[in-house]
Amino acid sequence: MTEETKTKAEDPIVARFKDQVSMDDRQAYEGYLVKPENLIEFARTLKEELGYDYLSSVTGVDYLPDEKLEVVYHAYRTSGGPAAVFKVQVPRAEPVVPSLVPIYPGADFQEREAWDLLGIRFTGHPDLRRILLWEGFEGHPLRKDWREAYFEEERKPFKNRWPEGNVYRVEDKKAFGKNVSYPDEFTPEGWVPEGEQSLYAALEASEQIRSGNGNGREDELGEEVVVNLGPQHPSTHGVFRMVVTLDGETITSLKPVMGYLHRNHEKIGERNTFLMNMPFTDRLDYICSMSNNFGYALAVEKLMGIQPPERAEYIRIIMAELTRIVNHLWAIGFLLNDLGAFFTPALYVINERELILDVFEAVSGSRMMCNYFRFGGLARDLSDDALQKIKEIVNNRLPAKVDELDVYLTGNEIVRTRGEGVGVLTAEQAIDYSAAGPVLRASGVAYDVRKADPYSIYDRFDFDVAVRPNGDVYDRYLVRIDEIRQSLRIVQQAVRDIPGGEYQTGKPQYQVRVPAGESYGRVENPKGELGYYVVSDGKPNPWRYHVRAPSFINLTGMEQMCIGQKIADVVAILGSIDIVLGETDR
Amino acid sequence: MADEINNPEYEVPPELQGQVSVTSIDKIYNWGRRNSVWPMMFGLACCAIEMICVAASRYDFSRFGMEVMRPSPRQSDLMIVSGTVTKKMIPQIVRLYNQMPEPKYVLAMGACASGGGPFKEGYNVVSGVDKFIPVDVYVPGCPPTPQALLHGLITLQKKIDRQSIKSVRWYNDVASEPIPIPVLGPDLIDPRDFPRFAELQAKAQQAANETGVETES
């Protein structure tokens, strides 16, 4: 017996649960396999006794050859440290798993996503509806045997493009010339759309009481009004939609509706080769393309077992922190937009952002979609000119500009009155709802992946985790200002210490060889913890590719933040969460 | 443009020069319209960020009379489709297009809006907004640089310059029909495809009958 298997046998969790829980002993897999009937008890013990209070990621994997669907959970301690990974396997024909929402409310949207895309039914989930697609959509697209209308082959590169190269337009081969496919015998006549009754349930309930059919007394009814914001609304930061029930001006319920920008990142990612996914990650959170690259590169490098050279690590940190500055500047500018200072603060911050975008363009060739990271390094080296430019920006220009923002905005009466005490999320709630990034830290939880579970070379830099105690809109704004300052500190140290040398391990490759196994790579993205769950079966394409998107999961606590607030505050609260729809909907 | 207005191809008597401008109605009509194209404040995806940058001080499209972004379709002249058009979103986009008053223009910004882009094969992605609404200008890029978008907007101005008040569709005798709004079914349903459904079904029926006959014989 090897050393490793010996420690596995003595694992305290396995010892405790005896035959209910076993180690996942597949090659290069980690964590515990839990039986569905023991899941609730296992999760409760994990949370309440072992201190894994933060459920980071929930996702499913379709193991078609084994006729199994697997749900994978990643839980962490907010005090720091590695993950507790646990998995539940259910037969593909009848995938039923108990919902973890009663224990970890942050599982809510993620379980709905797993239901939507993989068809895993979570019993006990309070509101198991489709989340990214619409009710009535045919099938569960991330199942391995589900095929999209434009299906060509299971894996890229497609034969019509390489090596044969008989290029054709896929539209020309389809019945309608469009990206659609219908079940056999489908006729649109007589077909009734599913509708959105569940969104307007509150309205219907009061209607019923008025007509004398419902439970409750008519004189107790408030003036309930349902307001629909979005998906085309100037302040929903994209195509996001909220259905808000109001009593007077006070919010009694809020249902986020998303998926209007669901562009099938994961399905396309599983057809792509590993390297092809890199530019797609740029388009997740399109303001922070560099740090999106970072997380994906980490996940795959973990599987491949390679390390980037020293210089590449420094350049990565510089780029990721510059991205954080860009993102927070943008978020602050547009939060002020939402508070009524239309576009003037945004113009100031966009000006500064352009300086950093020039650096990105110089190193990667593109302003926004940088596609700069590679497995084991970077696409190009950082030129001396660009380095000089970065030094100028972080040492001379930005510190003064951040102070300027601080002077104009932090003490501003409107910012304070509209921010203080609005949209409060307490520390316990923030952890429960799996909030991440500035939203979590503004609630007084000093959890930052860069410190809690350091990746790359973050342990070498001297910086503080920005924390604020109140958990309101104003504190989220302050955390962002603090984080810009901390990021400047990190970049200042990095440009001072950056060594020479290679920027890539080995030769640049068009095709990487990734051994079979699973890995979860996570980084502290500007919006929160961004995780990539990658499963490889040894072929050139990932078997499963899942993104734990902070913008998506941060919205789980949105209703909690809004209930009891005024309708005008919804926009400010949404602005303070700082979502990007490319990442929310993927 | 001012030069063209002041120097028409007509003879102006010397005593009226500098006081009277003679021009064609098309020129003055288009001159006014091209310099006040109000885009709708409508962002879909990544390209919207570059669109905001074009509105900001560095690239500043207010130089071309376009700074008034309207949040309401009723007040806008131009829809910049800035990003991936998904099946879930297309009913709203078509509805917004129908709500815009004439004259209206559509600019497809970026690869996704023009033809599906990198996400084309996705099950929830429409391969280009022109499958549903007419597009006037396509701007390539992923995302297009601000300069590219400016070029697209100037191209639209050139297109407006070439239009004639005699032939534009909004002064036709026949009012233009609104575009039927797509429906979300098992997949996206375009009401204009309804006859095609019947056709395909008849064909399938026929094929089934033929194979049925073959197996019987």
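Structure's up top.
A short tour of the structure in this document, coming up. (Residues numbered from 1 in each chain as written. Chains lettered and ligands numbered in written order. Predicted model: local features only at pLDDT ≥ 70, side-chain atom pairs only at ≥ 80, totals over all residues. Heavy atoms only, no water.)

### Things to note about the overall build of chain A
Move 1: From N to C terminus, chain A includes 20 helices and 15 strands.
Move 2: The C-alpha atoms of chain A give 24 Å as radius of gyration, which agrees with the globular expectation for 586 residues (25 Å, within 12%).
Move 3: Principal-axis analysis of the C-alpha atoms gives chain A an extent of 80 × 60 × 60 Å.
Move 4: Burial analysis of chain A (586 residues in total) assigns 60% to the buried set.
Move 5: Counting only contacts in chain A whose residues sit at least 6 apart along the sequence, the fraction spanning at least 24 positions is 67%.
Move 6: Total accessible area on chain A stands at roughly 22300 Å², and carbon and sulfur atoms take up 49% of it.
Move 7: Treating the 68 positive side-chain charges of chain A as one cloud and the 91 negative ones as another, the clouds have centres 4 Å apart. (Helix = DSSP H or I, 4+ residues; strand = E, 2+ residues; numbered from the N terminus. Rg over C-alpha atoms; globule rule 2.2 N^0.38 Å. Buried < 20%, exposed > 50% of the residue type's maximum accessible area, 1.4 Å probe, protein only. Contact = heavy atoms within 4.5 Å. Areas by Shrake-Rupley, 256 points an atom, 1.4 Å probe, with all protein chains shown as cover. Lys, Arg positive; Asp, Glu negative; His and termini not counted. Charge placed at Lys NZ, Arg CZ, Asp CG, Glu CD.)

### A short note on empty space enclosed by the protein
Move 1: With the rule as written, the count across this model stands at six cavities of 30 Å³ or more.
Move 2: Taken together, the residues of the lining of the largest cavity sort by class into seven nonpolar, two polar and five charged.
Move 3: Of the voids in this model, the second largest cavity is the one considered here, and its volume is about 80 Å³.
Move 4: Considering the residues around the second largest cavity, the lining is formed by 15 residues, among which Arg263(A), Cys46(B), Cys47(B), Cys112(B) and Cys142(B) are closest to the centre.
Move 5: Broken down by element, the lining of the second largest cavity gets its largest block of residues, three residues, from helix H5 (residues 110-115) of chain B. (1 Å grid on protein atoms, 1.4 Å probe; cavity = no way out; pocket = protein on both sides within 12 Å on 5 of 7 lines; lining within 4 Å. Points joined across faces, edges and corners; volume = space filled by probe spheres on them. Nonpolar A, V, L, I, M, F, W, Y, C, P; charged D, E, K, R; others polar.)

### Some thoughts on the nonpolar core
Move 1: Of all hydrophobic cores here, the largest spans 215 residues; its most connected members are Tyr73(A), Tyr286(A) and Met79(B).
Move 2: Take this core: its biggest share by element is 17 residues, from helix H9 (residues 310-339) of chain A.
Move 3: Contact partners of Tyr73(A), with chain neighbours within four places excluded, come to Leu39(A), Leu55(A), Ser57(A), Val58(A), Ala84(A), Val85(A), Phe86(A), Val88(A), Val97(A), Pro98(A), Leu100(A) and Phe122(A).
Move 4: Within the second largest apolar cluster, 24 residues are counted, among which are Met41(B), Met66(B), Met109(B) and Leu150(B). (Core = buried A, V, L, I, M, F, W, Y, C linked by side-chain atoms within 4.5 Å.)

### Observations regarding the packing of aromatic side chains
Move 1: Throughout the structure, instances matching the rule amount to 28 aromatic pairs over all chains.
Move 2: Seen in terms of ring centroids, Phe137(A) and Tyr123(B) are 6.3 Å apart; in terms of plane orientation they differ by 50°. Their pairing is tilted. Separated into two different chains, Phe137(A) in the loop between strand S7 (121-123) and helix H5 (201-210) and Tyr123(B) in the loop between H5 and strand S3 (137-139) make up a pair that spans both. In this pair, the class of Phe137(A) matches that of Tyr123(B), namely buried.
Move 3: Seen from their ring centres, Tyr296(A) and Phe375(A) are 5.6 Å apart, and the 65° between their planes marks the pair as edge-to-face. (Phe/Tyr/Trp six-rings, centres within 6.5 Å; stacked < 30°, edge-to-face > 60°.)

### Some words on the pattern of salt bridges
Move 1: Throughout the structure, instances matching the rule amount to 58 salt bridges over all chains.
Move 2: Residues Arg58(B) and Glu354(A) are paired through a salt bridge, measuring 2.6 Å at the closest nitrogen-oxygen approach. Remark: Glu354(A) occurs in helix H10 (residues 344-364) and Arg58(B) occurs in the loop between helix H3 (46-55) and strand S1 (78-82); the pair is interchain, linking two chains.
Move 3: By relative accessible area, Arg58(B) is classed as partly exposed at 39%.
Move 4: Glu524(A) is the salt-bridge partner of Arg441(A), the closest N and O atoms lying 3.0 Å from each other. Taken as a pair, Arg441(A) in helix H14 (residues 438-441) and Glu524(A) in strand S13 (residues 517-525) lie far apart in primary sequence, 83 residues in all. For the pair Arg441(A) and Glu524(A), a shared accessibility class is recorded, and that class is buried. (Salt bridge = Lys/Arg side-chain N within 4 Å of Asp/Glu carboxyl O.)

### Digging into the side chain of Arg241(A)
All names here are of chain A.
Move 1: With respect to the element layout, Arg241 can be found in strand S9 (residues 241-247).
Move 2: Judged by relative accessible area, Arg241 falls into the buried class, the value being 5%.
Move 3: Of note is the side chain of Arg241, whose polar atom sits 2.9 Å from the side chain of Asn228. (Polar contact = N/O pair within 3.5 Å; in protein donor to acceptor, adjacent residues only side chain to side chain.)

### Observations concerning unusual backbone geometry
Move 1: Following Lys156(A), the chain continues to Pro157(A) via a peptide bond in cis, the omega torsion being -5°.
Move 2: Position of Pro157(A) among the secondary structure elements: in the loop between S7 and H5.
Move 3: Residue Cys142(B) is joined to Pro143(B) through a cis peptide bond whose omega torsion reads -10°.
Move 4: You can see Pro143(B) is positioned in the loop between S3 and helix H6 (146-161).
Move 5: Its identity is not glycine, yet Glu67(A) carries a phi of approximately 60°, on the positive side.
Move 6: The residue Glu67(A) is located in the loop between strand S3 (54-63) and strand S4 (68-76) in this model.
Move 7: With a relative accessible area of 46%, Glu67(A) lands in the partly exposed category.
Move 8: Of note in this structure, Ser434(A) is not a glycine but carries a positive phi near 55°.
Move 9: Note that Ser434(A) resides in the loop between helix H13 (427-432) and H14.

### With respect to the interface of chain B and chain A
Move 1: Each side of the interface is counted separately: chain B has 52 residues, and chain A has 65 residues.
Move 2: A combined buried area of about 5400 Å² lies between chain B and chain A, and 63% of that area is made up of carbon and sulfur atoms.
Move 3: Taken together, the connections running from chain B to chain A amount to eight salt bridges.
Move 4: The shortest N-O distance in the salt bridge between Asp358(A) and Arg58(B) comes to 3.1 Å.
Move 5: Where chain B meets chain A, there are 28 residue pairs in polar contact (both at pLDDT 80 or more).
Move 6: When residues in the side of chain B that touches chain A are grouped by element, the largest group, six residues, is from H3(B).
Move 7: Residues belonging to the side of chain B that touches chain A are distributed by class as follows: 31 nonpolar, 10 polar and 11 charged. (Buried area = accessible area lost by both parts, 1.4 Å probe.)

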